[in-house]
Amino acid sequence: MNKILERLHNGIIKENPILIMTLGMCPTLAVTTSLINGLGMGMSTLAVLVCSNFLISLLRKFIPDTVRIPAYIVIVASLVTIIQFVLQGFVPDLYSSLGIYIPLIVVNCIILGRAEAYASKSKIIPSIFDGIGMGLGFTMGLGILGFLRELIGNGTILSDGANALLKIPEEIYTPASVMILAPGAFIVLAFVIATMNKIKEKKGMKPAEVPDYTTKEGCAGCAAASMCAGAAPQTEAPADPLKAKAESAAIPRAVKPEVPKTETAVKEEKE
Amino acid sequence: MSLLLLAISAALVNNVVLSQFLGLCPFLGVSKKINTSVGMSGAVIVVITAASAICSAIYHFILAPLNLTYLNTIVFILVIASLVQFMEMFIKKSNPALYQSLGVFLPLITTNCAVLGVALSNVQKNYDIWTSTINGFGTALGFALAILLLASIRERNEDNDVPKSFKGMPHVLLTAGLMSIAFFGWAGVL
């Protein structure tokens, strides 16, 4: 029971994928033009994440280590195809407004990151709750962004075009429609992360850093770092001398052991 | 002529990073120095162009005739992953110098959602193979332009005195937001 609560707390608060770890930026920025789109994307990702964590944890003893990344990709891609059909069948409006970003859940680094860092090493029940926690944390981040962008850019909350849960009258507030366009996504996210930095500073945590995939430390922070390592397990060894030569430009691919470390490192920091 | 217009619109008007938000991870993660962003741009141009051509060919010759189009996502991601793998092996054997400057970025591209995104949108828009390739090339040029611009801006304003909470990520995101506003201007061109 404790383990379950710990997993949920970890996903939603401690390692929130968007607000704390700043992962999965592409869907975060692309679909949060309104609260409902953000929540829809979040819930779809949650469903895929829970199922993929479950299946990968179930199959963790059967998948050979050398082909694990392609195996995970096939599992995730099949789940995403199922979700795509479900959305198309039951919520066609949401399906058309999310568009190409639904199949792109496959390359969302949170999903492969969790598969690699947690589900492939843990029992089934904790893995499922890890998926639920991370998925809810992701949904929460998307919801906050979608809420802010819809409110500032359209002056509404939960609008479906004609009706809205709440609409600020035009006389009081003229919506700044740039916020629901592309630039607004970057700007709103910048302010949300700056706010989080302020909160983190008070709690004595490190602020969100820009990932730098040209250094070893920066690469370890990426949830898909193991993808890079796992994508080329056989070619890894001969790459080493080259890597040593071009140290500044090389992207280290042998960072697999560091993925679980980051998790524990965060734990230690908090303590 | 219409193909040229397509390439320009893919590169500038519908810029893959700044208006479609695809490929943000390398956009933010490899844009600290101009040198590395040049290498990344080269790798992305090669991979996206090749992946668009091959995925489109597979769609038109295998998936569509067999009514297997629901397998798009699975097939494309596997094709892209193996294509990148083969390309890395090929470059490493044939041209070690090129591998050092460009090949090291290849593994990073497998998870780049821009590659899969372009392949899928080519299918969604019913482009034929030739049009898909041009669209992929234009999109990749747009990515290269965006990452080079961001790297140049970041090299200049890295040490600027910004409020403490805006240091790092928010600073870069605001820069990207302003670039995105600038790219909006291209909408009037076509």
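What you see is a predicted model; the values in this text were computed from it and never measured. Counting starts from 1 at the beginning of each chain's written sequence and moves along it residue by residue. Both sets of labels track the order of writing: A upward for chains, 1 upward for ligands. Given that the model is predicted, a residue must reach a pLDDT of at least 70 before its local features are reported, and side-chain atom pairs must reach 80 or more before they are shown or counted; all residues, however, enter totals for whole chains, interfaces and linings. As a rule here, side-chain values cover all heavy atoms of the structure and leave hydrogens and water aside.

**Description of the confidence of the model for chain B**
Point 1. On average, residues of chain B score 88 in pLDDT, and 98% of them are at 70 or above.
Point 2. Both scores are given for the predicted complex: the pTM is 0.83, the ipTM 0.89. A score between 0 and 100, pLDDT records how confident the predictor is in each residue.

**Quick look at the nonpolar core**
Note that soluble globular proteins tend to have their nonpolar side chains buried in a common cluster.
Point 1. Only buried residues count toward a nonpolar core. Its members are Ala, Val, Leu, Ile, Met, Phe, Trp, Tyr and Cys residues joined through side-chain atoms within 4.5 Å. Remark: exposure states derive from per-residue accessible area (1.4 Å probe, protein chains only) relative to the maximum for the residue type, with buried under 20%, exposed over 50%, and partly exposed in between. Formed by 118 residues in total, the largest nonpolar core has its most connected members in B:Leu24, B:Phe27, B:Met40, B:Phe76 and B:Leu116.
Point 2. Tallying contributions element by element places helix α3 (residues 34-63) of chain B first for this core, with twelve residues.
Point 3. Contacts are assigned to residue pairs that have any heavy atoms within 4.5 Å of one another. B:Leu116 has contacts with A:Pro103, A:Leu104, A:Val106, A:Val107, B:Phe76, B:Ile77 and B:Ile80, leaving out every residue within four places of it along the chain. Each helix is a run of H or I in the DSSP string that is no shorter than four residues. Each strand is a run of E no shorter than two, and both are numbered from the N terminus.

**Some points on the pattern of salt bridges**
Residue and element names in this part refer to chain A.
Point 1. Criterion for a salt bridge: a side-chain nitrogen of Lys or Arg within 4 Å of a carboxyl oxygen of Asp or Glu. Applying the stated rule across the entire model yields seven salt bridges over all chains.
Point 2. Residue Arg114 pairs with Glu15 through a salt bridge whose shortest N-O separation is 4.0 Å. Linking Arg114 in helix α6 (residues 109-117) with Glu15 in the loop between α1 (2-14) and α2 (25-30), this pair joins segments that are 99 residues apart in sequence. This pair shows no difference in class: Arg114 is buried, exactly as Glu15 is.
Point 3. With its nearest N and O atoms 3.0 Å apart, the salt bridge here joins Glu116 to Arg68.

**Considerations on the interface of chain B and chain A**
Where the parts come together, the accessible area they lose is often given as the size of the interface.
Point 1. Across the contact, 54 residues belong to chain B and 53 residues belong to chain A.
Point 2. Across the chain B/chain A interface, buried area totals approximately 4,800 Å², and carbon plus sulfur atoms make up 78% of it.
Point 3. Connecting chain B to chain A are one salt bridge.
Point 4. The partner of B:Lys164 in a salt bridge is A:Glu201, with the nearest N and O atoms 3.5 Å apart.
Point 5. Here a polar contact means two N or O atoms within 3.5 Å. Within protein one must be a hydrogen donor candidate and the other an acceptor candidate, and residues neighboring in sequence count only if both atoms are side-chain atoms. Linking chain B with chain A are three residue pairs in polar contact (both at pLDDT 80 or more).
Point 6. Of all the secondary-structure elements, those providing two or more residues to the side of chain B that touches chain A are α2 (24-29), α4 (72-94), α5 (96-101), α6 (106-110), α7 (113-124) and α9 (169-184) of chain B.
Point 7. Counting residues per element, the side of chain B that touches chain A draws most heavily on α9(B), which supplies ten residues.
Point 8. Lys, Arg, Asp and Glu make up the charged group, whereas Ala, Val, Leu, Ile, Met, Phe, Trp, Tyr, Cys and Pro make up the nonpolar group; the residues left over, Gly among them, are polar. A class-by-class count of the residues in the side of chain B that touches chain A yields 31 nonpolar, 17 polar and six charged. Put simply, buried area is how much 1.4 Å-probe accessible surface two parts lose in total, over both of them, once they are put together.

**Quick notes on the environment of B:Ser180**
Point 1. By secondary structure assignment, the location of B:Ser180 is in helix α9.
Point 2. For B:Ser180, a relative accessible area of 1% corresponds to the buried category.
Point 3. A sequence separation of 120 residues divides B:Ser180 from B:His60, and the C-alpha atoms of the two residues are 34 Å apart.
Point 4. Ignoring any residue separated from it by four or fewer positions in sequence, one finds B:Ser180 in contact with A:Ala182, A:Pro183, A:Phe186 and B:Leu18.

**Structural notes on the packing of helix α4 (residues 68-90) of chain A against α6(A)**
Residue and element names in this part refer to chain A.
Point 1. Put simply, α4 and α6 touch, their axes get as near as 11 Å, and they point 130° apart. With respect to α6, the element α4 is oriented oblique. Crossing of α4 against α6: the hand is right-handed. Within the contact between the two elements, α4 uses Arg68, Ile69, Tyr72, Ile73 and Val76 and α6 uses Ile111, Leu112, Ala115 and Glu116.
Point 2. Here the residues of the contact of α4 with α6 sort into seven nonpolar, no polar and two charged. Angles run from 0 to 180 degrees between N-to-C directions of axes, and those axes are lines fitted to C-alpha atoms, restricted for helices to the stretch in contact. Here the word oblique covers every angle except those under 35 degrees (roughly parallel), over 145 (roughly antiparallel) and from 65 to 115 (roughly perpendicular). Crossing handedness is defined as follows: a turn of the near helix away from the far one that is anticlockwise and smaller than a right angle gives a left-handed crossing, while the clockwise case is right-handed.

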